[in-house]
Amino acid sequence: MGKIRKLNGKLIVPDNVTIPYIEGDGVGAEITSVCHRVVDKAISKVYCGKRQIEWKEVFAGGKAYQLAGEWLPQATLDAFRDYLVGIKGPLTTPIGGGIRSLNVALRQTLDLFVCLRPVRWFEGVASPLKEPQKVDMTIFRENTEDIYAGIEWKSGTPEVEKVLRFLMDEMHVSNIRFPQTSSLGIKPVSVEGSERLVRAAINYALLNHKPSVTLVHKGNIMKFTEGGFKLWGYALAEREFGEQVFTMMQYDAIKKEQGSVKADEALKEAKKSGKIIIKDCICDAFLQNTLLYPEDYSVIATMNLNGDYISDQLAAMVGGIGIAPGANINDENGYAIFEATHGTAPDIAGKNIANPSSLLLSSVMMLKYIGWEEAGALIEKALEFCFLKGKATHDLARFMINGESLGTAEFGDEIIKSLNGII
């Protein structure tokens, strides 16, 4: 078996490739088993034995702690660096001090600065929307900055008192309402971090022929962090992508100089010529707009906390986080870890009722990332075929017309049966 490499900006993927995986905690063992079976079958069907994945288990979370006394062993980080591309099930958050979140630790240690979340509706899945087919968005959530940097101090500690004295005495901050009982946090947002995220989002939009990239922010209040993200994103788009894009900053400049009619004409011409429209939206308005006009949005670029809220709302709009895939990617060096976006669900672990769709669709993302699009597309078709027949795990089937609740393993069997029927 071979390793994936990146050469001259492109991934070099051998036909027989080793992929490291973390089984995960809670329901991780059940959904990972299904995922491997379905992916292996799809690859075999599409490539007739000419391509194959060797699954290499590495450890993190509860299993790693039991085996090695560590939540995130160095060997696991080394494996993801060595093999470039991997996949993981859900991981528990350690109790007590040390690592705040294993997911965040993986993202930050490997500098996986893009949290990529595609959201689309699968026919047959119940949705709270009247027209869920209008939802087709891809979220680029910044992974390494914002409040998820974890820079904060607890109220009443000597550390927070030092920070308070500095802010109040040296920086003359006067609007901390209750300084004696306040905890404090810092929200770093950098030019470099903002630019590389927006660059990745625009490149994705160009590669996949998407109509727009929306910068989602709260820059009307946080003018130097979230407002900076917006301005740096616009500047990057105009500087690096030139005639390939048309920004709403350019629209505003034309409107100011030549009037709204000319600006509207320029926007219309840009859309007609296939340029990517770069626009922005304040985050609270965006959450409302995605419910009212989801078809207005395509690729989303945003900071970490906004992206957290947005990802979960959009997932709910198409049926829930159980069918929401995700990936953490550094497209500059090729590192990518695909993941189930839900939690460990310890209350249902071992009961054969967990929904494997999130991890399975993340596997589809992984297959497409390494250039095995045909196998990924086949799995998507098989999954939707099952949903159309009302066959799903209980979390989805209970809302379907004529839904049939299947166990985790049995749902995997049904997907494989559908793979056989499609080809």
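Each remark here, short or long, concerns the structure printed above.
As the structure is a computational prediction, the values presented were derived from the model and not from experiment.

Explanation requested: the packing of aromatic side chains in the structure shown.
One pair of aromatic rings is described through two measures. These are the centre distance and the angle between the planes. Summed over the entire model, instances satisfying the criterion amount to eight aromatic pairs. Here Tyr21 and Trp55 contribute two aromatic rings whose centre-to-centre distance is 6.4 Å and whose plane-to-plane angle is 85°, an arrangement assigned as edge-to-face. Of this pair, Tyr21 sits in strand S3 (residues 16-22) while Trp55 sits in strand S4 (residues 52-58), and the two are 34 residues apart along the sequence. You can call Trp55 buried: its relative accessible area is 17%. Aromatic rings pair up to connect Phe122, Phe387 and Phe411 into one cluster. Note that Arg120 overlies the ring of Phe122, its terminal NZ or CZ placed 3.9 Å from the centroid. If you follow Arg141 out to its NZ or CZ, it ends over the ring of Tyr148, 5.1 Å from the centre.

How should the packing of helix H12 (residues 357-369) against helix H13 (residues 373-388) be read in this particular structure?
Between two packed helices, the angle of one axis relative to the other and the distance separating the axes together describe the packing. Look at H12 against H13: their axes get within 7 Å of each other, and the N-to-C directions meet at 155°. Classed by the angle they form, the pair H12 and H13 counts as roughly antiparallel. In this structure, H12 meets H13 at a crossing whose hand is left-handed. Of the residues in H13, those in contact with Ser357, Leu360, Leu361, Val364, Leu367 and Lys368 of H12 are Glu373, Ala375, Gly376, Ile379, Glu380, Leu383 and Phe387. Across the contact of H12 with H13, the residue classes break down as eight nonpolar, two polar and three charged.

Would you mind going over the pattern of salt bridges with me for this structure?
One pass over the structure, following the stated rule, counts 27 salt bridges. As a salt-bridge pair, Glu23 and Lys63 come within 3.4 Å of each other at their nearest N and O atoms. Taken together, the positions of Glu23 in the loop between S3 and helix H1 (28-47) and Lys63 in helix H2 (residues 62-68) put the pair 40 residues apart, joining distant regions of the chain. The class for Lys63 is partly exposed, based on a relative accessible area of 27%.

Teacher, can you tell me more about the nonpolar core here?
Nonpolar side chains in soluble globular proteins tend to end up buried together. Ile53, Val213 and Phe387 are the most contacted members of the largest nonpolar core, which has 101 residues in total. The element best represented in this core is H1, accounting for eight residues. When near neighbours in sequence (up to four residues on either side) are disregarded, Phe387 contacts Phe122, Glu123, Gly124, Val125, Ile323, Ser357, Ala392, Leu396, Met400 and Phe411. Of all hydrophobic cores here, the second largest spans 15 residues; its members include Val119, Leu129, Met137 and Tyr297.

For this particular structure, what's the right way to read the sheet that holds strand S14 (residues 325-329)?
Whether parallel or antiparallel, the strands of a sheet pair through hydrogen bonds between backbone atoms. One open sheet holds the 11 strands; their spatial order is S4-S3-S5-S15-S14-S6-S7-S13-S10-S12-S11, and the pairing between them is mixed. Two strands bound the open sheet, and with one partner strand each, they are S4 and strand S11 (245-247). Adjacent strand axes in the sheet meet at a mean angle of 25° when their direction is disregarded. For strand S6 (residues 114-120) and strand S7 (residues 136-142), the ladder comprises seven bridges, and the chain directions are antiparallel. In the sheet register, Val114 faces S7, and the bridge partner there is Glu142. Sheet strands in contact with helix H6 (residues 191-207) are S6, S7, strand S10 (212-217), S11, strand S12 (276-282) and strand S13 (299-302), and its direction is about 160° off that of S7.

Even after reading the chapter, I still don't get a nonpolar patch on the surface, so can you show me in this structure?
Taken together, the side chains of Leu291, Leu292 and Tyr293 make up a nonpolar region of the molecular surface, amounting to roughly 300 Å² of accessible area. As for its position among the elements, Tyr293 is in the loop between helix H10 (283-292) and S13. By relative accessible area, Tyr293 is classed as partly exposed at 42%.

What should I look at first to understand the environment of Ala316 in this one?
Note on placement: Ala316 falls in helix H11 (residues 304-317). Residue Ala316 is classed as partly exposed on the basis of its relative accessible area of 40%. Taking the C-alpha atoms as reference points, Ala316 and Leu129, separated by 187 residues in sequence, lie 9.5 Å from one another.

Whenever I open this one, H11 confuses me. Can you help?
Along its 14 residues, H11 runs 20 Å from first to last C-alpha, staying within 8% of the 20 Å computed at 1.5 Å per residue. Within H11, burial applies to Asn304, Asn306, Gly307, Ile310, Ser311, Leu314, Ala315 and Met317. For H11, the angular spread of the buried residues around the axis is 150°, confining them to a single face. Of the surrounding secondary structure, the elements contacted by the buried residues of H11 are S6, S7, S10, helix H7 (226-241), H10 and S13. Among the residues trailing H11, Gly319 stands out with phi positive, at a value near 130°.

Here is what the cut-offs are and how they apply
- Residues numbered from 1 in each chain as written.
- Predicted model: local features only at pLDDT ≥ 70, side-chain atom pairs only at ≥ 80, totals over all residues.
- Heavy atoms only, no water.
- Phe/Tyr/Trp six-rings, centres within 6.5 Å; stacked < 30°, edge-to-face > 60°.
- Helix = DSSP H or I, 4+ residues; strand = E, 2+ residues; numbered from the N terminus.
- Buried < 20%, exposed > 50% of the residue type's maximum accessible area, 1.4 Å probe, protein only.
- Lys NZ or Arg CZ within 6 Å of the ring centre and 35° of its normal.
- Axes fitted to C-alpha atoms, helices over the stretch in contact; angles between N-to-C directions.
- Parallel < 35°, antiparallel > 145°, perpendicular 65-115°, else oblique.
- Left-handed = near helix turned anticlockwise from the far one by under 90°.
- Contact = heavy atoms within 4.5 Å.
- Nonpolar A, V, L, I, M, F, W, Y, C, P; charged D, E, K, R; others polar.
- Salt bridge = Lys/Arg side-chain N within 4 Å of Asp/Glu carboxyl O.
- Core = buried A, V, L, I, M, F, W, Y, C linked by side-chain atoms within 4.5 Å.
- Pairing = 2+ DSSP bridges.
- Patch = residues over 30% accessible without salt bridge, like charges linked within 9 Å, V, L, I, M, F, W, Y side chains within 5 Å.
- Areas by Shrake-Rupley, 256 points an atom, 1.4 Å probe, with all protein chains shown as cover.
- Expected span 1.5 Å × (residues − 1).
- Arc of directions from axis to C-beta.

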